[in-house]
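Geometric and topological summary
Chain by chain, the residues run as shown.
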Amino acid sequence: MTQKQKSAFRKTPEWRKFREHIYEKFDGKDAITGRKLCKRWHLHHLDLNAEHYENISDEEHFIPLNPKTHDMLHFLARYDISILEKVEHYLKIMRALETKDTN
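Anyway, here's the lowdown on the structure attached to this text. Not measured: the values here are computed from a predicted model.

1. Describing the nonpolar core
Counting 10 residues, the largest nonpolar core consists of F9, W15, F18, I22, L37, W41, L43, Y53, I56 and F62. Ranked by residue count, the leading element in this core is helix α2 (residues 13-25), at 3 residues. Residues in contact with I56, not counting those within four places in the same chain, are F9, E14, W15, F18 and F62.

2. Topic: the pairing of strand β2 (residues 62-65)
What you see with β2 is no split at all: F62 and P64 on one side and I63 and L65 on the other are buried throughout. In this sheet, β2 lies alongside strand β1 (residues 42-45) in antiparallel orientation, the contact comprising 4 bridges. Looking across to β2, one finds that L43 is bridged to P64.

3. Some remarks on α2
Taking 1.5 Å per residue, 13 residues should reach 18 Å; α2 reaches 18 Å between its end C-alpha atoms and fits that length. On its buried side, α2 packs onto α1 (3-9), β1 and β2.

4. With respect to helix α3 (residues 67-77)
Among the residues of α3, T69, H70 and L76 are the ones counted as buried. Down the axis of α3, the buried side of the element spans an arc of 135°, and every buried residue falls inside it. Of the residues in α3, the exposed ones pointing more than 90 degrees away from the buried face are K68 and D71.

5. Considerations on the pattern of salt bridges
Using the criterion set out here, one finds 4 salt bridges in the structure. Between K25 and E60 there is a salt bridge, with its nearest N and O atoms 2.9 Å apart. Separated by 35 residues along the polypeptide, K25 in helix α2 and E60 in the loop between β1 and β2 bring together distant segments of the chain. Assessed through its relative accessible area of 53%, E60 is described here as exposed.

6. Quick look at the packing of aromatic side chains
The final tally for this structure, using the stated rule, is 7 aromatic pairs. Ring geometry for W15 and F18: centres 6.2 Å apart, planes at 45°, overall tilted. Here W15 and its partner F18 are both found in helix α2, 3 residues apart, which amounts to about one turn of the helix. Exposure class is identical for W15 and F18. Each is buried. One aromatic cluster is present, built from ring pairs that chain together F9, W15, F18, Y53 and F62. When the ring centre of W41 is taken as reference, the NZ or CZ atom of R19 above it lies at 3.8 Å.

Cut-offs used in this document
Residues numbered from 1 in each chain as written. Predicted model: local features only at pLDDT ≥ 70, side-chain atom pairs only at ≥ 80, totals over all residues. Heavy atoms only, no water. Core = buried A, V, L, I, M, F, W, Y, C linked by side-chain atoms within 4.5 Å. Buried < 20%, exposed > 50% of the residue type's maximum accessible area, 1.4 Å probe, protein only. Helix = DSSP H or I, 4+ residues; strand = E, 2+ residues; numbered from the N terminus. Contact = heavy atoms within 4.5 Å. Pairing = 2+ DSSP bridges. Expected span 1.5 Å × (residues − 1). Arc of directions from axis to C-beta. Salt bridge = Lys/Arg side-chain N within 4 Å of Asp/Glu carboxyl O. Phe/Tyr/Trp six-rings, centres within 6.5 Å; stacked < 30°, edge-to-face > 60°. Lys NZ or Arg CZ within 6 Å of the ring centre and 35° of its normal.

Here's what the structure looks like:
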């Protein structure tokens with residue numbers, strides 16, 4: 001699908017109703033951070049196959065995300081899953097240094 005076609009689909013009543021359902025299912029919170037969803041939140045397709053874009057038959061294939069979380073997830077998806085170990089490693093160092101500075 002082109003971006004124009006995707007945009008048109010996201011304007012349909014079916015999509016809007018589905019989006020609201022997912023919002024309520026997640027209690028208006030970002031699926032990854034747990035923070036309140038902002039006005040411009042994204043209903044993220046976990047299935048990245050463009051041929052499946054309009055298939056909303058399985059709600060388990062969708063999660064609500066704030067824009068920065070959505071961008072981060074797409075960024076990380078370009079890499080091998082092992083990148084998460086590296087991210088975790090450096091986050092732990094950052095937290096340790098942060099804690100060290102406050103003592």
